[in-house]
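# Structural overview
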Amino acid sequence: MLRFAEYLELQDFRDRTSGSYYRAMRILSEHYGKDPEGLSEVQLRAFFVHLRRDRKWAPKSCRQMLAAVKHFYRGMLHLGFESLDEIKARDREVLPTVLSTEEVAQVIRAVPLLRYRMPLLLIYASGLRVRECIHLTVDDIDGEQNRLCIRDGKGGKDRYTILSTPVYEELRRYWAIHRNPKWIFPAVGRGLRDSQGAALHMRAAVDPMDTGSLRSHLLAAARKVGVSKKVTCHNLRHSFATHLAAAGVPLHQLQSYLGHAHIETTTIYTHLTPINHIEAIGYVDKLVAPILGR
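What this report covers is the structure whose coordinates are included nearby. (Residues numbered from 1 in each chain as written. Predicted model: local features only at pLDDT ≥ 70, side-chain atom pairs only at ≥ 80, totals over all residues. Heavy atoms only, no water.)

A word on the overall build of the protein. Check the secondary structure of the protein and you find 14 helices and 3 strands. Considering only C-alpha atoms, the protein reaches an extent of 70 × 65 × 35 Å along its principal axes. Per-residue burial for the protein yields a buried fraction of 38% across its 294 residues. Excluding contacts between residues fewer than 6 apart, the proportion of contacts in the protein whose partners are at least 24 apart in sequence is 58%. Surface summary for the protein: the accessible area is close to 17,300 Å², and the carbon and sulfur share equals 53%. Positive and negative charge centroids in the protein, built from 43 and 31 side chains respectively, lie 5 Å apart. (Helix = DSSP H or I, 4+ residues; strand = E, 2+ residues; numbered from the N terminus. Buried < 20%, exposed > 50% of the residue type's maximum accessible area, 1.4 Å probe, protein only. Contact = heavy atoms within 4.5 Å. Areas by Shrake-Rupley, 256 points an atom, 1.4 Å probe, with all protein chains shown as cover. Lys, Arg positive; Asp, Glu negative; His and termini not counted. Charge placed at Lys NZ, Arg CZ, Asp CG, Glu CD.)

Quick look at helix α1 (residues 2–10) now. Burial in α1 covers these residues: Phe4, Tyr7 and Leu8. The arc that holds the buried residues of α1, viewed along the axis, is 95°, so those residues lie on one side. Of the exposed residues in α1, those oriented more than 90 degrees away from the buried face are Leu2, Glu9 and Leu10. Each element contacted by the buried residues of α1 is listed here: α2 (15–32) and α4 (59–76). Backbone geometry just downstream of α1 places Asp12 in the positive-phi region, at approximately 60°. (Arc of directions from axis to C-beta.)

What follows is about the environment of Cys62. Examined against the element boundaries, Cys62 turns out to sit in helix α4. Considering only alpha carbons, one finds Cys62 and Ala89, 27 residues apart in sequence, at a separation of 6.3 Å. The residues touching Cys62, leaving out its near neighbours within four places in the chain, are Phe48, Arg52, Trp57 and Ala89.

A separate point is the sheet that holds strand β1 (residues 141–142). Pairing in this open sheet of 3 strands is antiparallel, and the strands run β1-β2-β3 from one edge to the other. If you trace the sheet from one side to the other, it starts and ends with β1 and β3 (159–162), each paired once. Here 2 bridges tie β1 to strand β2 (residues 147–150), and the two strands are oriented antiparallel to one another. What sits directly across from Asp142, in β2, is Arg147. (Pairing = 2+ DSSP bridges.)

Let us look at the pattern of salt bridges. If the charged atoms of two oppositely charged side chains come close together, the side chains can form a pair. This model, assessed by the stated rule, comprises 12 salt bridges. Across the pair Arg53 and Asp54 runs a salt bridge, and its minimum N-O distance is 3.6 Å. With its nearest N and O atoms 2.9 Å apart, the salt bridge here joins Lys229 to Glu103. Here Glu103 lies in helix α5 (residues 101–109) and Lys229 lies in the loop between α10 (211–225) and α11 (233–246), a separation of 126 residues in the sequence. (Salt bridge = Lys/Arg side-chain N within 4 Å of Asp/Glu carboxyl O.)

Before going further, it helps to spend a moment on the packing of aromatic side chains. For the coordinates displayed, the defined rule picks out 7 aromatic pairs. Both rings, one in Phe47 and one in Phe48, keep their centres 5.9 Å apart while their planes meet at 75°; by these two values the pair is edge-to-face. Summarising the burial analysis for this pair, Phe47 and Phe48 share the class buried. Each residue in the set Phe4, Tyr7, Phe72, Tyr73 and Phe81 is aromatic and connected to the rest through ring pairs, giving one cluster. (Phe/Tyr/Trp six-rings, centres within 6.5 Å; stacked < 30°, edge-to-face > 60°.)

A few words on the nonpolar core. Counting 47 residues, the largest nonpolar core has Leu122, Ile123, Phe185 and Leu214 as its most contacted members. With sequence-adjacent residues up to four places away left out, Phe185 is seen in contact with Met118, Pro119, Leu122, Cys133, Ile134, Leu171, Tyr174, Pro208 and Met209. The next biggest cluster of nonpolar side chains, apart from the first, holds 23 residues, and it includes Ala24, Met25, Leu39 and Tyr73. (Core = buried A, V, L, I, M, F, W, Y, C linked by side-chain atoms within 4.5 Å.)

Right, let's talk about the pairing of β2 for a bit. Adjacent in sequence and paired antiparallel, β1 and β2 are bridged by 4 residues, among which Asn146 carries a positive phi angle near 55°. Direction of pairing for β2 relative to β3: antiparallel, over a ladder of 4 bridges. In the sheet register, Arg147 faces β3, and the bridge partner there is Ile162.

What follows is the structure, encoded as structure tokens:
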């Protein structure tokens, strides 16, 4: 396994990717109680059957395990193991949960503390992943051009996304409270603090906000206002995309905002835009009217 750790380091993967691949191979090693280098192709096939039939792993988890296995046996050991190509783990097409604009407003307004309310607003208003939001720095804000610079996003890519003027103004007022020289959303730390104590701690913080605290405050707010849908930070991002698609923002522009590598990923939001569907029905009604003599 030490050799695999060195291999991953040489591949220049991101830390999270390297860590997930290493953990995956450790699971395989623990399952058989031996170094995975000594496993046969038959044992690997049996392991994937076990993951799906007995442990009920989701397709995404199976794909991650398969990627790690391929890097270990093909990339590092240069073994063919052709049967690995027979293993498939396709996702079922499940439409994401989307909140209405009214539900988004209710939930975000119900978050009592500004230090949590502001990043949640930005996740929705700019279509950010939660990690992208909390890692924003002072230098990433471009108010004049109405955009945010997202550095080292998913896949290690940089991009720009939208920043509305009212949100930018709220962001400036929020940052002026703590004035951390680097982070827009600095860590608050453990323990109860009043507003002044929290601001002082945030000003000196060297790390960004913890994602767990942000998620828990969002969930509490959703329960408080009685929104029964699944409410997560990522669903705020889905809601952003759906609401912009419904307003007629072109898909290629949405793709750029969201940082999707493929336009096919963005097209899912066309299934979630009731306004466009209603408009389409009206358009078809007009098209068939002359045919029907109406």
